[in-house]
Amino acid sequence: MNTNRRKFLGLALATATFAAVGAAAANAASVEEIKSKGTLVVGIQGDNAPWGFVNSSGKQDGFDADVATLFAKELGVKVQFQPLAVANRIPALTTGKVDILFATMAMTEERAKAIQYSKPYAANTISLYAAKADAVKSPADVAGWEIGVPKSSSQDKAVTDAVGSKATIRRFDDDAATIQALISGQVKAVGGNQFYGQRLDAASAGTYERKIDFLTTYNGVGTRLGEKDWNETVNAFLDKIKGNGELAAITKKWMAIDLPKFPESIPNIPFTVK
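Definitions and cut-offs
- Residues numbered from 1 in each chain as written.
- Predicted model: local features only at pLDDT ≥ 70, side-chain atom pairs only at ≥ 80, totals over all residues.
- Heavy atoms only, no water.
- UniProt positions renumbered as here; feature names shortened; annotations may be inferred.
- Helix = DSSP H or I, 4+ residues; strand = E, 2+ residues; numbered from the N terminus.
- Rg over C-alpha atoms; globule rule 2.2 N^0.38 Å.
- Buried < 20%, exposed > 50% of the residue type's maximum accessible area, 1.4 Å probe, protein only.
- Contact = heavy atoms within 4.5 Å.
- Pairing = 2+ DSSP bridges.
- 1 Å grid on protein atoms, 1.4 Å probe; cavity = no way out; pocket = protein on both sides within 12 Å on 5 of 7 lines; lining within 4 Å.
- Points joined across faces, edges and corners; volume = space filled by probe spheres on them.
- Nonpolar A, V, L, I, M, F, W, Y, C, P; charged D, E, K, R; others polar.
- Core = buried A, V, L, I, M, F, W, Y, C linked by side-chain atoms within 4.5 Å.
- Salt bridge = Lys/Arg side-chain N within 4 Å of Asp/Glu carboxyl O.
- Phe/Tyr/Trp six-rings, centres within 6.5 Å; stacked < 30°, edge-to-face > 60°.
- Lys NZ or Arg CZ within 6 Å of the ring centre and 35° of its normal.

- In the annotation of an unreviewed UniProt entry, the entry for the protein chain reads Polar amino acid transport system substrate-binding protein, and the organism field reads Rhizobium miluonense.
- Turning to the protein chain, the UniProt record has this under Subcellular location (unreviewed entry): "Periplasm".

The following block contains the structure:
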């Protein structure tokens with residue numbers, strides 16, 4: 001390839017990249033623009049009860065839907081939900097396809113490089129679930145197993161970190177597919193959140209149980225990096241609903257637990273835009 005040809009292709013690539021970035025930036029609206037527009041587009045999980053799911057009436061429902069609806073009310077706008085697969089949550093936000101994420105976003109250092117987290121507003125325990133007949137008391141007991149997780153999820157990281165050197169980790173598109181993989185025998189166990197037990201029992205009563213707890217994670221609202229207006233607005237809203245009891249009521253409704261005590265900080269995961 002001659003020098004002029006390389007320069008031309010390099011320029012074309014740079015132009016295309018700039019255009020893509022520019023298009024994403026153009027789609028990213030400020031808080032005031034959303035107020036003027038009158039509609040907030042929320043990225044949410046569509047099949048992960050009770051966090052986010054589509055109910056029998058065809059409407060988005062669940063813990064995150066209730067919190068996001070309150071947030072839209074706080075802004076004085078309508079809410080429009082965009083159900084997302086686990087792996088599509090961050091790309092949908094960063095490209096401007098959604099305005100904000102109330103999408104069971106466990107707070108991790110890796111994700112904090114791509115999105116801005118709010119203060120935590122929910123907690124989630126990640127555990128290993130398997131058949132009651134299978135004796136598991138420690139990570140060493142799953143050597144040689146195939147374990148399912150939703151790809152790019154907090155379960156993926158927790159299970160991979162804990163037993164990835166001993167077991168084969170199989171990654172599925174979402175929580176529903178991961179649960180189905182266990183029920184159908186594609187995998188011997190799954191890494192799931194604190195509600196997997198309920199969902200597994202509903203599918204096959206008395207067959208499965210929680211074996212090992214890996215860690216407790218905290219969920220934050222996701223906004224784009226550097227967007228101080230969104231971050232400050234969300235944090236003020238969360239402070240308000242923690243203080244007035246609304247978040248506690250939603251937590252009790254969907255999780256049947258009291259509002260957890262949240263950390264004031266998490267290493268390498270900023271809650272605010274400096």
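Quick notes on the overall build of the protein chain
Then step 1. A tally of helices and strands in the protein chain yields 10 helices and 11 strands.
Then step 2. For 274 residues, the compact-globule estimate of 2.2 N^0.38 gives 19 Å, and the protein chain sits close to it at 21 Å.
Then step 3. Summarising its shape, the C-alpha atoms of the protein chain cover approximately 60 × 60 × 40 Å along the three principal directions.
Then step 4. Residues counted as buried form 46% of the 274 residues belonging to the protein chain.
Then step 5. For the protein chain, long-range pairs separated by at least 24 residues make up 71% of all intrachain contacts whose partners lie at least 6 apart in sequence.

So, the sheet that holds strand E2 (residues 47–48)
Two orientations exist for strands paired in a sheet by backbone hydrogen bonds: parallel and antiparallel.
Then step 1. Judged by pairing direction, the sheet is antiparallel, and its 3 strands sit side by side in the order E2-E3-E4 without closing on themselves. Strand pairing shows two members of the sheet lacking a second neighbour, E2 and strand E4 (60–61), which therefore form its edges.
Then step 2. When E2 meets strand E3 (residues 52–54), the two strands line up antiparallel, connected through 2 bridges. The partner of Asn48 across the bridge, within E3, is Gly52.

Quick look at the environment of Val67
Then step 1. By the element assignment, Val67 lies in helix H3 (residues 63–75).
Then step 2. Since its relative accessible area comes to 0%, Val67 is described here as buried.
Then step 3. Sequence separation between Val67 and Ile250 is 183 residues; the distance between their C-alpha atoms is 7.5 Å.
Then step 4. Here Val67 is in contact with Phe102, Tyr121, Phe237, Ile241, Leu247 and Ile250, once residues within four sequence places are set aside.

What to know about empty space enclosed by the protein
Remark: the empty space left among the atoms is shown by a probe the size of a water molecule rolled over them.
Then step 1. Under the criterion given, the structure shown has 1 cavity of 30 Å³ or more.
Then step 2. As for the largest cavity, its lining consists of 14 residues, and the residues nearest its centre are Arg89, Thr104, Ser153, Ser154 and Gln155.
Then step 3. Per-class residue counts for the lining of the largest cavity are 3 nonpolar, 8 polar and 3 charged.

Let's talk about the nonpolar core
Then step 1. The biggest cluster of nonpolar side chains holds 31 residues, and the ones touching the most others in it are Leu40, Phe63, Val67, Phe71, Ile100, Phe102 and Tyr121.
Then step 2. When residues of this core are traced back to their parent elements, those giving at least two are helix H2 (31–37), strand E1 (39–45), H3, strand E7 (115–131), helix H9 (228–243) and helix H10 (246–255).
Then step 3. The biggest single contributor to this core is H3, with 7 residues.
Then step 4. By size, the runner-up hydrophobic cluster in this structure holds 16 residues, among which are Val136, Ala158, Ile169 and Ile212.

What to know about the UniProt feature "domain: Solute-binding protein family 3/N-terminal" (unreviewed entry) in the protein chain
Then step 1. Following the UniProt record, the feature "domain: Solute-binding protein family 3/N-terminal" (unreviewed entry) maps to residues 39–258 here.
Then step 2. Along residues 39–258 the backbone is 35% helical and 32% strand, and the end-to-end C-alpha distance reaches 31 Å.

Topic: the pattern of salt bridges
Then step 1. According to the stated counting rule, one finds 15 salt bridges in the structure shown.
Then step 2. Put simply, Arg210 and Asp213 hold a salt bridge, and the shortest N to O gap is 3.2 Å.
Then step 3. Its relative accessible area of 47% is what places Arg210 among the partly exposed residues.
Then step 4. The partly exposed category is assigned to Asp213, whose relative accessible area is 44%.

As for the environment of Asn124
Then step 1. Examined against the element boundaries, Asn124 turns out to sit in strand E7.
Then step 2. Judged by its relative accessible area of 3%, Asn124 is buried.
Then step 3. Separated by 92 residues in sequence, Asn124 and Thr216 have C-alpha atoms that sit 5.5 Å apart.

With respect to the pairing of E1
Then step 1. Most of E1 is tucked away, with 7 of its 7 residues classed as buried.
Then step 2. Along E1, one buried face is formed by Thr39, Val41, Gly43 and Gln45 and the opposite face, lined by Leu40, Val42 and Ile44, is buried too.
Then step 3. As judged from the 7 bridges shared by E1 and strand E5 (residues 78–84), these two strands associate in the parallel manner. When the bridges of E5 are listed, Val42 appears paired with Phe81.

Description of the packing of aromatic side chains
Then step 1. In total, this model carries 9 aromatic pairs according to the counting rule given.
Then step 2. Consider the rings of Phe102 and Tyr121, whose centres lie 6.2 Å apart with planes at 70°: the pair is edge-to-face. Of this pair, Phe102 sits in the loop between strand E6 (100–101) and helix H5 (109–112) while Tyr121 sits in strand E7, placing them 19 residues apart in sequence.
Then step 3. On the basis of relative accessible area, Phe102 is assigned to the buried category, the value being 0%.
Then step 4. When its relative accessible area of 0% is taken as the criterion, Tyr121 is described as buried.
Then step 5. Taking the centre distance of 6.4 Å and the plane angle of 75° together, the rings of Tyr218 and Phe262 count as edge-to-face. Note that Tyr218 is positioned in strand E11 (residues 208–224) and Phe262 in the segment after H10, a separation of 44 residues in sequence.
Then step 6. Here Tyr218 falls in the partly exposed class, since its relative accessible area comes to 22%.
Then step 7. Positioned above the aromatic ring of Trp145, the side-chain terminus of Lys188 is 5.0 Å from the ring centre.

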